[in-house]
Amino acid sequence: MPFVFSPAACSALPVAGSASLFPVRRVFCVGRNYADHAREMGALEQAEGREPPFFFMKPGDAVVSGAGEISVTYPPLTRNLHHEVELVVALGAGGANVTGEAARKLIYGYAVGLDLTRRDIQGKAKEKGHPWDMGKGFDQSAVVSVIQPVALTGYPESGRIWLKVNGELRQDGDLSVMLWKVADIIANLSTSVCLAAGDLIYTGTPAGVGPLLPGDVLEGGIEGVGTLHARIVNR
Ligand code: MN
């Protein structure tokens, strides 16, 4: 049967060394996966040690990407838009109850991402026990660089992850201190949902998150994965 109107095209990401695009399905994000960031958010549970990972989502069409400088419109309803630079895992295959050993087989590639956050809205939601969606899942909230296939990157488990805003270093960490490693994240998430090709997983941010303003120029990078360039523009 025909549709009553044409379905929207999915978000599609450029892939290094390829003329084809990566079709985005869902966007999963891990919260508090670097102890220094959990600490700066006042959320580290010292006594219990490492807590199980927790996840939130952004809509697939919140993804914004490009091969050059990515233009991001400053979103409405916030006066405190924050940057979170993150390693993004792009899945080329899916499955449920995937073991840590098998998790690598699902990975198509990696990218540098920004989990943009309306921190004021998220903060109010936390206070009231409301969902985070409007703090995290707004339009253009999932910025992501060109995808680097695993053939080019291998499976990075260490390496510098950093973000500069207007040339000033704001975030500077290392993948090796992630509380939950990529394979563990995939295995854990796959117990909750059946993962699928096209899913992106944002794996958390190191310390140094902070506010952005229209006109800001962002340069981020992950050793062995690549760089991301973005600019915040006025609505
Ligand atoms: Mn994040």
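A short tour of the structure in this document, coming up.

Criteria and thresholds
- Residues numbered from 1 in each chain as written.
- Predicted model: local features only at pLDDT ≥ 70, side-chain atom pairs only at ≥ 80, totals over all residues.
- Heavy atoms only, no water.
- Core = buried A, V, L, I, M, F, W, Y, C linked by side-chain atoms within 4.5 Å.
- Buried < 20%, exposed > 50% of the residue type's maximum accessible area, 1.4 Å probe, protein only.
- Helix = DSSP H or I, 4+ residues; strand = E, 2+ residues; numbered from the N terminus.
- Contact = heavy atoms within 4.5 Å.
- Pairing = 2+ DSSP bridges.
- Axes fitted to C-alpha atoms, helices over the stretch in contact; angles between N-to-C directions.
- Donors = N, O, S within 2.8 Å, 3.2 Å for Na, K, Ca; no water.
- Salt bridge = Lys/Arg side-chain N within 4 Å of Asp/Glu carboxyl O.
- Phe/Tyr/Trp six-rings, centres within 6.5 Å; stacked < 30°, edge-to-face > 60°.
- Lys NZ or Arg CZ within 6 Å of the ring centre and 35° of its normal.

Brief notes about the nonpolar core
Generally speaking, nonpolar side chains in soluble globular proteins are found buried as a group.
Point 1. Of all hydrophobic cores here, the largest spans 41 residues; its most connected members are Leu114, Ile186 and Ile201.
Point 2. Where this core is concerned, the elements lending two or more residues are strand 3 (27-30), strand 6 (70-73), strand 8 (85-91), strand 9 (107-115), strand 13 (160-165), helix 5 (182-189), strand 17 (217-222) and strand 18 (226-233).
Point 3. Here Ile186 is in contact with Val89, Leu91, Ala103, Leu106, Ile107, Leu195 and Ile201, once residues within four sequence places are set aside.

A few points about the sheet that holds strand 6
Point 1. Taking strand neighbours across the sheet as the criterion, the 5 strands line up as 6-18-17-13-14 in an open arrangement whose pairing is mixed. Across the chains shown, the open sheet's two edge strands, defined by having one partner strand only, are strand 6 and strand 14 (168-174). The sheet shows a mean angle of 20° between the axes of neighbouring strands, direction not considered.
Point 2. As judged from the 4 bridges shared by strand 6 and strand 18, these two strands associate in the parallel manner. Residue pairing for strand 18: Val72 is matched across the bridge by Ile232.

What to know about the coordination of the manganese ion
Point 1. Protein-derived ligands of the manganese ion are Glu84 (OE), Glu86 (OE) and Asp115 (OD), with the metal-ligand distances lying across 2.0 to 2.1 Å.
Point 2. All donors of the manganese ion come from a single chain, and their spacing in sequence reads E-x1-E-x28-D. Taken together, the residues Glu84 in the loop between strand 7 (81-83) and strand 8 and Asp115 in strand 9 connect sequence positions 31 residues apart. Both residues of the pair, Glu84 and Asp115, belong to the buried class.

Some points on the pattern of salt bridges
Once their charged atoms are close, side chains differing in charge can pair, the charge on each being opposite to the other.
Point 1. If you walk through the whole model with that rule in mind, you get 8 salt bridges.
Point 2. Asp115 is the salt-bridge partner of Lys58, the closest N and O atoms lying 2.8 Å from each other. With Lys58 in strand 4 (residues 55-58) and Asp115 in strand 9, the pair connects residues that are 57 residues apart, well separated along the chain. There is no split in this pair, since Lys58 and Asp115 are both buried.
Point 3. With a shortest N-O distance of 2.8 Å, Glu84 and Arg119 are connected by a salt bridge. Here Arg119 lies in helix 2 (residues 119-128) and Glu84 lies in the loop between strand 7 and strand 8, a separation of 35 residues in the sequence.
Point 4. For Arg119, a relative accessible area of 9% gives the class buried.
Point 5. Connected through shared salt-bridge partners, Lys58, Glu84, Asp115, Arg119 and Lys136 make up one network.

Some details on the packing of aromatic side chains
Point 1. Summed over the entire model, instances satisfying the criterion amount to 3 aromatic pairs.
Point 2. Taking 5.7 Å as the distance between ring centres and 45° as the angle between the ring planes, the aromatic pair formed by Phe22 and Tyr108 counts as tilted. Taken together, the residues span a long stretch of sequence, with Phe22 in strand 2 (residues 21-23) and Tyr108 in strand 9 at a distance of 86 residues.
Point 3. Measuring from centroid to centroid gives 5.5 Å for Phe56 and Trp132, while their planes differ by 50°, and the two rings are tilted. Remark: Trp132 occurs in the loop between helix 2 and helix 3 (133-136) and Phe56 occurs in strand 4; sequence separation between them is 76 residues. When sorted by exposure, Phe56 lands in the same class as Trp132, which is buried.
Point 4. An aromatic cluster of three or more residues is present, and its members are Phe54, Phe56 and Trp132.
Point 5. Sitting over the ring of Phe138, Lys58 keeps its end group 5.9 Å from the ring centre.

Overview of helix 5
Point 1. All of the buried residues along helix 5 are Val182, Ile185, Ile186, Ala187 and Leu189.
Point 2. In the core, the buried residues of helix 5 are packed alongside strand 3, strand 4, strand 8, strand 9 and strand 15 (200-202).

What about the sheet that holds strand 16 (residues 210-211)?
Point 1. The strand order 10-7-16 describes an open sheet built from 3 strands, whose pairing is antiparallel. If you trace the sheet from one side to the other, it starts and ends with strand 10 (117-118) and strand 16, each paired once.
Point 2. With 2 bridges connecting them, strand 7 and strand 10 associate as antiparallel partners. What sits directly across from Leu81, in strand 10, is Arg118.

By themselves, these figures tell us nothing about what the structure is for.
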